[in-house]
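# Remarks on the overall topology
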Amino acid sequence: MSTMETTQVTLAVRGETLPGEVIAVVGSCEALGSWNHQSAVILQPLDDEGNTWTKTITLPKGVVSKYRYFKGFFLESKSAGGPCQVIVNMWETHHQPRTMSPTASHLNIDDGQFGIHNGVNCVDSGWLTCQTEIRLRLHYSKKPPVSITKKKFKKSRFRIKLTLEGIEEEDDDDEDTLSPSALQKMTTTLEISMISANGYKSRHSQPECGYALEPSQWTEYSIHTMDPDNLELTFEFFEEDLSEHVVQGDAHPGHVGTACLLSSTFCESGKDNGVVTLPIMGRNSRQTIGKVRVDYLVIRPIQGLQCDMSSSFTKYWKKRSALDVGHRGAGSTHTAKHHRVRENTIASFKSAAKHGAAYVEFDVHLSKDSVPIVYHDLTCCIATKKKNDKTLELIEVPVKDLTFDQLQLLKLAHVTAMKANDHKDLLDDEDEIDEHQPFPSLSQIFQTVPEHVGFNIELKWICQMKDGSWDGSLSSYFNMNNFLDIVLSCVLQKAGKRRIVFSCFDPDVCTMVRHKQNKYPILFLTQGISDRYPELMDIRCQTTQIAMSFAQSENILGISAHTEELLKHLNFIGEAQGKGLVVFSWGDDNNEHENRRKLREQGIDGLIYDSICEDQGEQPNIFQVEEQHSLQEIITEETLKSSTCSCYSIPCSMAPCIASKARNGSAESDSGLSSS
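Values in this document were obtained by computation on a predicted structure and should not be read as measured data. (Residues numbered from 1 in each chain as written. Predicted model: local features only at pLDDT ≥ 70, side-chain atom pairs only at ≥ 80, totals over all residues. Heavy atoms only, no water.)

## Quick word on the overall build of the protein chain
Keep this limit in mind: Under the DSSP-based scheme used, a helix requires at least four consecutive residues in state H or I and a strand at least two consecutive residues in state E, with every element numbered from the N terminus. Burial classes: relative accessible area under 20% of the type maximum marks a residue as buried, over 50% as exposed, and values in between as partly exposed (1.4 Å probe, protein chains only). Residue contacts are defined here by distance: any two heavy atoms, one from each residue, within 4.5 Å place the two residues in contact.
Counting secondary structure elements, the protein chain contains 16 helices and 34 strands. Expressed as a percentage of the 676 residues in the protein chain, the buried residues total 52%. Relative to all contacts within the protein chain whose residues are 6 or more apart in sequence, the contacts with residues 24 or more apart total 70%.

## Thoughts on empty space enclosed by the protein
Applied cut-off: Only protein atoms enter the calculation, which uses a 1 Å grid: trapped sets of points that fit a 1.4 Å probe without letting it out are cavities, open sets showing protein on both sides within 12 Å along at least five of seven lines are pockets, and any residue with an atom within 4 Å of a point is a lining residue. Grid points are joined across faces, edges and corners, and a volume is the space filled by probe spheres set on the points. For this classification, Asp, Glu, Lys and Arg are treated as charged, while Ala, Val, Leu, Ile, Met, Phe, Trp, Tyr, Cys and Pro are nonpolar and the rest, including Gly, are polar.
Evaluation of the coordinates by the stated rule reveals four cavities of 30 Å³ or more. Each pocket or cavity is described by its volume, and for the largest cavity that value is around 40 Å³. Among the secondary structure elements, those contributing two or more residues to the lining of the largest cavity are strand S16 (189-196), strand S19 (218-225) and helix H9 (544-553). For the lining of the largest cavity, the element with the most residues is S16, which contributes three residues. Split by residue class, the lining of the largest cavity holds four nonpolar, two polar and three charged.

## Things to note about the sheet that holds strand S4 (residues 44-45)
Keep this limit in mind: DSSP-based pairing: two strands are paired if at least 2 bridges between them are found.
Strand order in the open sheet formed by four strands is S4-S5-S1-S9, and the pairing between neighbours is mixed. The open sheet terminates on both sides in strands that have one partner only, identified here as S4 and strand S9 (106-113). By the bridge criterion, two bridges tie S4 to strand S5 (residues 52-60) in an arrangement that is antiparallel. Residue pairing for S5: glutamine 44 is matched across the bridge by threonine 54.

## Observations concerning the pairing of strand S6 (residues 65-75)
Walk down a regular strand and you will see the side chains alternate between the two sheet faces. Here S6 lies mainly inside the structure; 10 of its 11 residues are buried. The pairing of strand S2 (residues 22-27) with S6 spans six bridges and is antiparallel. Looking at the pairing, valine 22 lines up with glycine 72 of S6. The pairing of S6 with strand S8 (residues 98-100) spans three bridges and is antiparallel.

## So, the nonpolar core
In globular proteins that are soluble, nonpolar side chains generally tend to be buried together. Heads up, the condition is: We call a set of buried Ala, Val, Leu, Ile, Met, Phe, Trp, Tyr and Cys residues a nonpolar core when their side-chain atoms join them within 4.5 Å.
In terms of nonpolar packing, the biggest core is built from 91 residues, with Phe362, Leu459 and Phe502 touching the most fellow members. A per-element tally of this core places helix H7 (residues 480-494) first, with seven residues. Setting aside residues up to four positions removed in sequence, phenylalanine 362 forms contacts with Asn344, Phe349, Val374, Leu442, Ile445, Phe455, Asn456, Ile457 and Glu458.

## Focus: the side chain of glutamine 517
Operational definition: Identification of polar contacts relies on pairs of N or O atoms within 3.5 Å, with a donor-acceptor requirement for protein atoms, meaning one able to donate a hydrogen and the other able to accept it, and with residues adjacent in sequence counted only if both atoms are side-chain atoms.
Mapping glutamine 517 onto the fold places it in the loop between helix H8 (507-516) and strand S31 (522-526). A distance of 3.0 Å separates a polar atom in the side chain of glutamine 517 from the backbone oxygen of valine 513. At 3.1 Å, the side chain of glutamine 517 forms a polar contact with the backbone nitrogen of lysine 519. Non-local contacts of glutamine 517, meaning those with residues more than four positions away in its chain, are made with Trp127, Cys307, Thr314, Leu488 and Leu492.

## Focus: the confidence of the model for the protein chain
Put simply, the rule reads: pLDDT is a per-residue confidence score from the predictor, ranging from 0 to 100.
For the protein chain, per-residue confidence averages 85 on the pLDDT scale, and residues scoring 70 or more make up 83% of the total. For residues 422-432, every residue scores under 50 in pLDDT, and the model assigns this stretch 23 contacts once sequence neighbours within four places are set aside.

## Section: the layout of surface pockets
Here the second largest pocket defines a volume of roughly 940 Å³. As for the second largest pocket, its lining consists of 29 residues, and the residues nearest its centre are His95, Phe313, Tyr316, Lys497 and Arg499. Broken down by element, the lining of the second largest pocket gets its largest block of residues, five residues, from helix H14 (residues 622-641). Of the residues belonging to the lining of the second largest pocket, the class tally is 11 nonpolar, eight polar and 10 charged.

## With respect to H8
Among the 10 residues that make up H8, 10 are buried, leaving the element largely enclosed by the rest of the structure. Restricting attention to buried positions, one finds in H8 the residues Pro507, Asp508, Val509, Cys510, Thr511, Met512, Val513, Arg514, His515 and Lys516.

Structure below.
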C-alpha cells in the first residue's frame, strides 16, 4: 500500500491584529482542519512592521486544497484535553475560496493582504462559536425608558453611559505572555449602536459621558463575553447641562447617579429576552432618583451543531432580474379568487416549482414537541360536534400547543371560518393525498420539493401591536434561542445545495439568525406605514426607512418591504440598494401584473406573490436556465477545442426558446427570465 506523497507549503499573509488575536488558516483537507475552525492552523507572526503571519504546513502533493484565513482568539478548553475554544472575529468569505495544488516538494505562497483575494476584499464578522452576546436596549417604543421621581432632576436631560465591571486586566509580571484568564477577559467587548429612520451608527465605543437618548432613536449596547452570568453592568447617568460637581472631586461634573444590573439576572429568570426595571441611585445619598427600563436580549451559540467555514451566503447576492417567489407555494388559499391547491403544502410548493418559481416562501414554527412545521397562522381551529348534531363549533387553538402527530390528524379550518361560519374546509374528502395535507414538517419539504427551487423561510414569531395587543393573542412564546437552534439545525443539516433566504418580522430574530450561524442570509420583513395592518409597538418595525437602518446596522442581507408602501415611494427600492441592501417585496398588491411591472422597472430583487401559477405556464426557473446556459458555454468551448464537428442543443423543455418568448410578450416581461 503506497503512502500519499506530501509537500511542504509555506503560507504568508499580512494583516493587523488586536492584542492576543492571531491569524489562522482553515481549509478543505485534513491538514487544514477540514473547514472546522477548532482544527484550524495558527500562523506565526514575523518580527517585521508589515504584520506578516506565516506557517509551513505538510499537505498532500498534487491535490487541490481550498482555504480561507481568519482572525480570532484561541482559548484553552473548559474541559481537560478537549478542543480549544475559538472565537472567529473576522473571516474571508469570498464565494470562491483561495486554492492551491502543490506539485513541487516545497512551495512558498504569498497571499498578500488578509481579506483580499483576486483583487476583491471580502471579509465578514464571525458568528457565535463559544461566546455569548448580551444586548441591552434603551428606547421609546412603549414609553420613555427613563423615569425621574426626584424633583431636582425632573426637567433634566441625561446622557447615559454603560460600563462593565470586573473585566479589567490585572497587572501581570510578564507582559509578553497572556494568561488564559487575561485572554478571556480581553475577549469581553462592549460596543454601542444607534439606529433611527435617518440612519445608523453601528458598533463603536462610547464617548466619555455617553449619549443622550432620543425618542425616535433605538440605542443598543452589545456585550460579547465568555462569562455571560458574571458581569456587573452599570448605567452611569450624567446631567447634560450641569457644570457644577454633584460630588466634590468628581472627574465628570454632572454625574448624578447609577443603575446596576447583574447579568446573572437573565439566567435566573430563565428568559433570553425581556425587560428589567432598575432603580437609579443618587450620588449624594442612598436615595433613588428614578428608574430606567432596560430591554434585554441574550444570544447564545447554536447548540448541538457546529458551523463549518466552507462557504457563506450571509451577504452574498448575485444581481439579476427580479426573482419570482411563490407566496406560500402556489399562493394563499384564503385570498384566492377561485379554488386552487391548498397553501403551504407539498403539492403547493411543487406546483410553484413547475411554474418557474425561483423561490417558494413559507412560514415555519414549532409544534408542541419541537418539530419545525410549515403553516402560516399562529393559531388554527379545531371543530367540535355534539352527538346527533350536524353543526360544528370551532375552537381557536395555538399551533404551539399541539404535537406534530396531533396536527397531522386535524381537518383544517382557517381562523376566518369562525367569523364567516364557513366550514367548507372541514367537509372535504376524508382521504386527502399526503401532498395536500396541511402542517407538513420542514424536513418533508426539503425531501420532496426539487432542489433547484430556493426556500424563503419566514421564521414565525409573535408581534405586539402599538395598542398593546399581541398577534394571535399570544403574549408568550418559545424561548427564542431554543426555537432558532431547532429550526436552524434542521436547515443547516438538510439544505444541501438549495438556496436559502430567511426572513422575519421580528428584528431580534433577524439579529439572532445573523449571529448564530455563518451560512445563510436573512431579510428583515417590514410592513412600513400601512392602512391595512395595525402599527407595531417596536419602533424598528414602524417605517421602511428605519427598517433599512436596522438592516445596515446588523449587517444583514436586506429587507422584505410591503408593496403598499413601496408603490407610494418607489424610490425606497433604489435607496435601499444604494445602501448595499437586497430588496424583496410582499403583499396582496403584488398580485396585480401592473404593480409587479412597476417594481421590476425599479430593479427590485424579489417579488413574493400568489398568482405565479396563473401568470406563468409550466417552465424552468431562472436558476435552471442559467445552469443550462453555463452548460452550453462549456460544451461550446469543448467543441471548439475538439477537431471533430458536433452539434449540441438545449431542449425547449429546459430553456424557453426565443420564438416562444416572443409569442408570450406579456408573460415574458413578468417572468424574470428576460435577463440574468
